[in-house]
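# Results of the structural survey
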Amino acid sequence: AKRMLRLTWVTLPTTSTIVGRTIKELQIRERTGASVVAVVQPTGLLPNPDSDHRFAAGDNVGVLGDPQQVAAFQTMVTASN
């Protein structure tokens, strides 16, 4: 199971196209297969954020998925408009 499922932390750069957008708006699960399971912000840990969570630059996002799903999320984070 360890090889098939991965928890990865991704820090959002200010240039990320997902900054300012919500989990629901981005359709993360539908588009990547990965699940956002936590967000660490300067104010603390937000476990299991709801779909209306709006990402901010510097958020440390915990995503759960297989290697391909995690890679798809990382691509989403670094994609340009």
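Everything discussed here concerns the structure shown above.
Notes on the structure follow. Residue positions within a chain follow its written sequence, with the count starting from 1. pLDDT decides what is reported in this predicted model: residues at 70 or higher carry local features, side-chain atom pairs at 80 or more are listed and counted, and totals for whole chains, interfaces and linings draw on all residues regardless. With hydrogens and water excluded, all non-hydrogen atoms of the structure serve as input to the side-chain values.

On to the nonpolar core. Among buried residues, those of type Ala, Val, Leu, Ile, Met, Phe, Trp, Tyr and Cys that are joined through side-chain atoms within 4.5 Å constitute a nonpolar core. Throughout this description, buried means an accessible area under 20% of the type-specific maximum (1.4 Å probe, protein chains only), exposed means over 50%, and partly exposed covers the range between. Grouped together as the largest cluster of nonpolar side chains are 16 residues, with contacts concentrated most on Ile18, Ile28, Val36, Phe55, Val61, Val63 and Phe73. Strands here mean DSSP runs of E at least two residues long; helices mean DSSP runs of H or I at least four residues long; both are numbered from the N terminus. For this core, the secondary structure elements donating two or more residues are helix 1 (23-26), strand 2 (35-41), strand 4 (60-65) and helix 3 (67-78). At four residues, the largest contribution of residues to this core is made by helix 3. When checking whether two residues touch, look at their non-hydrogen atoms; a contact exists if any pair is within 4.5 Å. In contact with Phe55, not counting residues within four places along its chain, are Leu12, Ile18, Val19, Gly20, Arg21, Ile23, Leu26, Ile28, Val36, Val39 and Val61.

In this analysis, strands are considered paired if DSSP registers two or more bridges between them. Taken together, four strands build an open sheet; the order of strands is 1-4-2-3 and the sheet is antiparallel. This sheet does not close on itself; its edge strands, each paired only once, are strand 1 (6-11) and strand 3 (44-47). Averaged over neighbouring strand pairs, the angle between their axes works out to 20 degrees when direction is ignored. Where strand 2 meets strand 3, four bridges bridge the pair, whose relative direction is antiparallel. If you follow Val40 over to strand 3, its bridge partner there is Leu45. With axes taken as lines fitted to C-alpha atoms, and helix axes fitted only over the stretch in contact, angles between N-to-C directions fall between 0 and 180 degrees. Packed onto the sheet, helix 3 meets strand 1 and strand 4 and runs at close to 10 degrees relative to strand 1.

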